[in-house]
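Read off the chains here:
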Amino acid sequence: MKKVVMVLTNSSKIDEENETGLWLSEFAEPYVEFKKNGIEVKVVSPEGGKIPVDPTSLEDEQPNEWNEPIAKLENTEILESVHFEDYHGIFLPGGHGTMFDLPESDALKEALAHFAEHNKLIGAVCHGPAGFVGTKLSNGKWLVDGVSMTAFTNEEEQQTGLDSLMPFLLESKLREQGAQFEASQAWSDHVVEDGNFITGQNPQSSQSAAEAFVKALKK
């Protein structure tokens, strides 16, 4: 059985006025897709425990199939407890919370370097690639250097009105570290595959990114 670890944010605030956290659909849709295809999923976070969900990502009624992933948010395992050797892929959902804690996680940097250097799958959607920022391989190169990928774009961030509150603009930072960034039209379903990297641009891309990830896992 293939096994995937999903790494979620623990950050619940942008500032005193703006709550944040995980963008629910970016976790729930891939989780459901992975499980539907017989993939074992471990849900972790840098600090473990309950995961904050961005209130603006909640809808009046969630699909019933999301009940299981939502229940998993109540108590996640700590990222440091994971034996990366046991897993075939790592997937980072987004939400603005990821911008604040994932780039600071040494355990995540170690995990990503392991997956990259063992040619295992690395997936992320929307702000999830914030977890790539600042990660170096054992040869000293940035994780994203030369990799074709996408993520939440500067244009989309400006349209949220939260760009000035972010510690950095994700597209700009990934470009700075050598990523071959591919932006599509704002809020369009856009997935980029390059070797063992599969990235989706925004919440609209979660399902497509998950499907591409599953397909690659089954190869």
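Everything discussed here concerns the structure shown above.
To keep things clear, this report deals only with the structure shown in the data block.

**Quick word on helix 4 (residues 106-117)**
Here helix 4 contains 12 residues, and its C-alpha end-to-end distance of 16 Å stays within 8% of the 16 Å for a straight helix at 1.5 Å per residue. Counted residue by residue, helix 4 has nine buried out of 12 residues, so it is predominantly covered. Those residues of helix 4 not exposed but buried are Ala-107, Leu-108, Lys-109, Ala-111, Leu-112, Ala-113, His-114, Phe-115 and Ala-116. Each element contacted by the buried residues of helix 4 is listed here: strand 1 (3-7), strand 4 (89-92) and strand 5 (121-125). A positive phi of about 50 degrees marks Asn-119, the residue just after helix 4.

**Details of the packing of helix 1 (residues 24-36) against helix 7 (residues 206-217)**
Two elements in contact, helix 1 and helix 7, have axes separated by 9 Å at closest approach and are oriented at 35 degrees. The chirality of how helix 1 crosses helix 7 is right-handed. Residues Ser-25, Glu-26, Glu-29, Pro-30, Glu-33 and Phe-34 of helix 1 pack against Ser-206, Gln-207, Ala-210, Glu-211, Phe-213 and Val-214 of helix 7. Its residues assigned to classes, the contact of helix 1 with helix 7 comprises five nonpolar, three polar and four charged.

**Quick look at the pairing of strand 2 (residues 40-45)**
Here strand 1 runs beside strand 2; their pairing, made up of five bridges, is parallel. By the bridge assignment for strand 2, Val-7 is matched with Val-44. One crossover worth recording links strand 1 to the parallel strand 2 by way of helix 1, and it is right-handed. Where strand 2 meets strand 3 (residues 77-78), two bridges bridge the pair, whose relative direction is parallel. In the strand pairing of strand 3, Ser-45 is matched with Ile-78. Once you follow strand 2 into helix 2 (residues 67-72) and on to strand 3, the crossover reads as right-handed.

**Observations concerning the pairing of strand 5**
Of all five residues that make up strand 5, five are buried, and the element is covered over most of its length. Residue alternation in strand 5 divides its side chains into two sets, Leu-121, Gly-123 and Val-125 and Ile-122 and Ala-124, and both sets are buried. With four bridges connecting them, strand 4 and strand 5 associate as parallel partners. Opposite Gly-89, over in strand 5, you have Leu-121 as the bridge partner. Judged from the four bridges that link them, strand 5 and strand 9 (residues 197-200) form a sheet pairing that is parallel. Its bridge partner lying in strand 9, Gly-123 is registered against Ile-198.

**What about unusual backbone geometry?**
The residue Asn-119 is not glycine, and still its phi comes out positive at about 50 degrees. Structurally, Asn-119 can be placed in the loop between helix 4 and strand 5. When its relative accessible area of 65% is taken as the criterion, Asn-119 is described as exposed. Its identity as a non-glycine residue notwithstanding, Trp-187 has a phi of 65 degrees, on the positive side. Mapped onto the elements of the fold, Trp-187 is located in the loop between strand 7 (180-181) and strand 8 (191-194).

Basis of the calculations
- Residues numbered from 1 in each chain as written.
- Predicted model: local features only at pLDDT ≥ 70, side-chain atom pairs only at ≥ 80, totals over all residues.
- Heavy atoms only, no water.
- Helix = DSSP H or I, 4+ residues; strand = E, 2+ residues; numbered from the N terminus.
- Expected span 1.5 Å × (residues − 1).
- Buried < 20%, exposed > 50% of the residue type's maximum accessible area, 1.4 Å probe, protein only.
- Contact = heavy atoms within 4.5 Å.
- Axes fitted to C-alpha atoms, helices over the stretch in contact; angles between N-to-C directions.
- Left-handed = near helix turned anticlockwise from the far one by under 90°.
- Nonpolar A, V, L, I, M, F, W, Y, C, P; charged D, E, K, R; others polar.
- Pairing = 2+ DSSP bridges.
- Right-handed = clockwise from strand over helix to strand, strands pointing away.

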